[in-house]
Amino acid sequence: LRRIARVSGLEDAAIVVLPTALFVSVPGDEDVQTSVESAGSSLRLDQIDAVFQVVDAAERGEIDAEVALARLAAARTSPPPFRPQLHLLGFPLLAAGLALILHAGPLDLLVASVLGVAVGALQLYGSRIPEAYALFLPVVSAFAVTLAVFLLARAGLDIDPYTPVIAALVTFLPGALLTTAVIELATGQMMSGAGRLAQGVTRLVLLAIGIIAAGLVGVPATAAGGLSTPILRTIVPWLGVAIFGVGVVLAYSARPSSLRWIVLILYVAYAGQLLGGLLLGSQLSAFAGAFLMTPVAMLAARRRSGPPTLVTFLPAFWLLVPGAISLAGVTAYLGEDRVEGTTSLVSAGSTMIAITFGVLLGLAAGSFAGLSS
């Protein structure tokens, strides 16, 4: 916005951006004009892509305000790029991809995929209900998913109760929200960072409440699941990354041409996380993944067919899953195991900080290489 203001000859414009509102003040010859705009509904990935195309054109001075506003309005009202059936298919693919990354066994994978369909249908239905009732959607989803998994485990099925629950609830996990909050706090954006952090923690608490409520049925200690063959544990997660990328494109309505770039960034983030785990330890593995994927995302954004950096950033954040670690911690802490819950929460906090420094260092490296806008 500041760059667009300078291109428009408004060097003295004052701009304040909050998570739910935007303040713009422009000094005139005799007085100061201030405008306030509240944030609308969240955008699909294809809409984010369209917004950044307008931003890039405005920064270069290629379009005026009237044309830019018309294109922004058209982006907000544009139809999704996929039919509802394909849109719904993205949710089980997301769940299946994350389950494979978490070394899920065949039965775990099947349960996660079926529950992913149910969660996706519930989210699509939830987008049509009033916002006051949508608040309970995470609680209801977490309760239903956890109850189904725990009942299957009690019925004697050899499944890991952790993996299907986390995989099916992946679209509710606030990993990107919490990481963005930490990035904003680290860069001095205190109000927006604190607001996003509070929102992310609230989402985790709502999910934890649903899981704890369903956990009253209990889980057999013998429930295991997972892949036992070392070769499969090495190969299968890489397949999961690709499936996860396809799920992101369908569930969040990215441009079909963005698929290859999103999958590329996901592979870079995952490979960096594995490499960081080998060289730096598990606590800094997310740092390596975030650091390596950031310049690649910036490079992809400079390609003619490449999506904006934010479009590839968000799926990579979801893949690094700090939200999954946080959810396990909040659930344990609100339950009976306070020690394990506190340990998981501290681990989640350190993971988000590691991702923050990885992204900031990656942005600096990309800017040094001339990849910034």
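For the structure, see preceding data.
Heads up: these notes are all about the structure in this document. Sequence order sets the numbering: in each chain, residues are counted from 1 along the sequence as written. Per-residue local features are limited, in this predicted model, to residues with pLDDT of at least 70; the limit for side-chain atom pairs, both in listing and counting, is 80 or more; totals at the level of whole chains, interfaces and linings are taken over all residues. The basis for every side-chain value is the complete set of heavy atoms in the structure, and neither hydrogens nor water enter the calculation.

1. Side note on the pairing of strand 1 (residues 14-17)
Step number 1: Pairing of strand 1 with strand 2 (residues 21-27) involves 4 bridges; the strand directions are antiparallel. In the sheet register, valine 16 faces strand 2, and the bridge partner there is phenylalanine 23.
Step number 2: Once strand 1 ends, the chain turns through 3 residues before running back antiparallel as strand 2. Criterion used throughout: strands pair if DSSP finds at least two bridges between them. Starting at the N terminus, helices and strands are each numbered in turn, a helix being any DSSP run of H or I of at least four residues and a strand any DSSP run of E of at least two.

2. Focus: the packing of aromatic side chains
Step number 1: Stacked, edge-to-face and tilted are the three classes for Phe, Tyr and Trp ring pairs, Trp counted by its six-membered ring, which pair at centre distances within 6.5 Å; planes under 30 degrees apart are stacked, over 60 edge-to-face, the rest tilted. Going through the model one piece at a time under the given rule, you end up with 3 aromatic pairs.
Step number 2: Measuring from centroid to centroid gives 5.9 Å for tryptophan 238 and tyrosine 267, while their planes differ by 15°, and the two rings are stacked. Of this pair, tryptophan 238 sits in helix 11 (residues 230-251) while tyrosine 267 sits in helix 12 (residues 259-280); the two residues are 29 residues apart in sequence, bridging distant segments of the chain.
Step number 3: Only protein chains enter the accessibility calculation, which uses a 1.4 Å probe; a residue whose area is less than 20% of its type maximum is buried, one above 50% is exposed, and one in between is partly exposed. Under the relative-accessibility criterion, tryptophan 238 is labelled partly exposed at 31%.
Step number 4: Taking the centre distance of 6.3 Å and the plane angle of 10° together, the rings of phenylalanine 287 and phenylalanine 291 count as stacked.

3. Concerning the sheet that holds strand 2
The pairing of strands in a sheet happens through backbone hydrogen bonds and is either parallel or antiparallel.
Step number 1: Ordered in space as 1-2-3, the 3 strands form an open sheet in which the pairing is antiparallel. Two strands lie at the open edges of the sheet, namely strand 1 and strand 3 (32-38), each paired on one side alone. Taken pair by pair, the neighbouring strands of this sheet meet at an average axis angle of 10°, ignoring direction.
Step number 2: Sheet topology places strand 2 next to strand 3; 7 bridges connect them, and they run antiparallel. Counterpart to phenylalanine 23 in the pairing with strand 3 is valine 36. As a rule, the C-alpha atoms of each element are fitted with a line to give its axis, helices using only the stretch in contact, and angles between N-to-C directions run from 0 to 180 degrees.

4. Notes on a nonpolar patch on the surface
Step number 1: Candidate patch residues must exceed 30% relative accessible area and have no salt bridge, after which like charges are joined if within 9 Å and Val, Leu, Ile, Met, Phe, Trp or Tyr side chains if within 5 Å. Every accessible area reported is derived by Shrake-Rupley at a probe size of 1.4 Å, with residue values counting cover from the shown protein chains alone. Salt bridges are defined by distance alone: a side-chain nitrogen of Lys or Arg within 4 Å of a carboxyl oxygen of Asp or Glu. On the surface, Leu275, Leu278, Leu279, Leu280, Leu284 and Leu292 cluster together into a nonpolar patch covering about 600 Å² of accessible area.
Step number 2: For the nonpolar patch, the element with the highest residue contribution is helix 12, accounting for 4 residues.
Step number 3: For leucine 278, the location among the structural elements is in helix 12.
Step number 4: Owing to a relative accessible area of 73%, leucine 278 belongs among the exposed residues under this scheme.

5. So, the pairing of strand 3
Step number 1: With 0 of its 7 residues buried, strand 3 lies for the most part at the surface.
Step number 2: Turn length for the strand 2-strand 3 hairpin, with the two strands adjacent in sequence and antiparallel, is 4 residues.

6. So, the pattern of salt bridges
Step number 1: By the definition in use, this model includes 5 salt bridges.
Step number 2: As a salt-bridge pair, arginine 3 and glutamate 59 come within 3.0 Å of each other at their nearest N and O atoms. Note that arginine 3 is positioned in helix 1 (residues 2-7) and glutamate 59 in helix 2 (residues 45-59), a separation of 56 residues in sequence.
Step number 3: A residue is classified by how much of its surface remains accessible, and arginine 3, at 41% relative accessible area, is partly exposed.
Step number 4: Owing to a relative accessible area of 19%, glutamate 59 belongs among the buried residues under this scheme.
Step number 5: The partner of aspartate 46 in a salt bridge is arginine 44, with the nearest N and O atoms 2.9 Å apart.
Step number 6: A residue is classified by how much of its surface remains accessible, and arginine 44, at 19% relative accessible area, is buried.

7. Focus: the nonpolar core
Step number 1: Residues Leu169, Phe244, Met293, Phe317 and Val359 are the most contacted members of the largest nonpolar core, which totals 59 residues.
Step number 2: With 8 residues, helix 14 (residues 309-320) is the largest single contributor of residues to this core. Among buried residues, the Ala, Val, Leu, Ile, Met, Phe, Trp, Tyr and Cys ones that are joined through side-chain atoms within 4.5 Å form a nonpolar core.

8. Description of the environment of alanine 316
Step number 1: Checked against the element boundaries, alanine 316 lands in helix 14.
Step number 2: With 54 residues separating them in the primary sequence, alanine 316 and isoleucine 262 have C-alpha atoms 8.2 Å apart.

9. Let's talk about unusual backbone geometry
Step number 1: Phi at histidine 103 is positive, roughly 65°, even though this residue is not glycine.
Step number 2: Here histidine 103 shows up in the loop between helix 4 (84-101) and helix 5 (106-126).
Step number 3: Residue histidine 103 is classed as partly exposed on the basis of its relative accessible area, which comes to 23%.

10. Considering helix 12
Step number 1: Between the first and last residue of a helix there are one fewer steps than residues, each counted as 1.5 Å, and that sum is the expected span. Helix length check: helix 12, at 22 residues, gives a terminal C-alpha distance of 30 Å against a target of 32 Å (1.5 Å per residue), a fit within 8%.
Step number 2: For helix 12, every residue scored as buried is listed here: Trp261, Ile262, Val263, Ile265, Leu266, Ala269, Tyr270, Gly272, Gln273 and Gly276.
Step number 3: Note on helix 12: the residue one or two positions beyond its end, glycine 281, has a positive phi of about 100°.

11. So, the side chain of serine 192
Step number 1: Mapped onto the fold, serine 192 is located in helix 10 (residues 190-214).
Step number 2: Here, residues are in contact when the closest pair of their heavy atoms is within 4.5 Å. When near neighbours in sequence (up to four residues on either side) are disregarded, serine 192 contacts Val17, Pro19 and Glu184.

12. Notes on helix 10
Step number 1: Look at helix 10: 36 Å from first C-alpha to last across 25 residues, which is about the 36 Å you get at 1.5 Å a residue.
Step number 2: Regarding helix 10, the residues found buried are Ser192, Gly193, Gly200, Leu204, Leu206, Leu207, Ala208, Gly210, Ile211 and Ala214.

13. Looking at the packing of helix 5 against helix 7 (residues 137-154)
Step number 1: Where helix 5 contacts helix 7, the axes come no closer than 11 Å and their chain directions differ by 160°. The pairing of helix 5 with helix 7 is recorded here as roughly antiparallel in orientation. For the crossing formed where helix 5 meets helix 7, the hand is right-handed. Judged by residue contacts, Val111, Leu115, Val119, Leu122, Gln123 and Gly126 of helix 5 engage Leu137, Val140, Ser141, Val145, Ala148, Val149 and Leu152 from helix 7.
Step number 2: Taken together, the residues of the contact of helix 5 with helix 7 break down into 10 nonpolar, 3 polar and no charged. In these notes the angle categories are as follows: under 35 degrees is roughly parallel, over 145 is roughly antiparallel, 65 to 115 is roughly perpendicular, and the rest is oblique. Handedness of a crossing is defined here by the sense of rotation of the near helix relative to the far one, left-handed for an anticlockwise turn of less than a right angle and right-handed for a clockwise turn. Gly falls in the polar group here, along with every residue not listed as nonpolar (Ala, Val, Leu, Ile, Met, Phe, Trp, Tyr, Cys, Pro) or charged (Asp, Glu, Lys, Arg).

What is shown is where atoms sit, not what they do.
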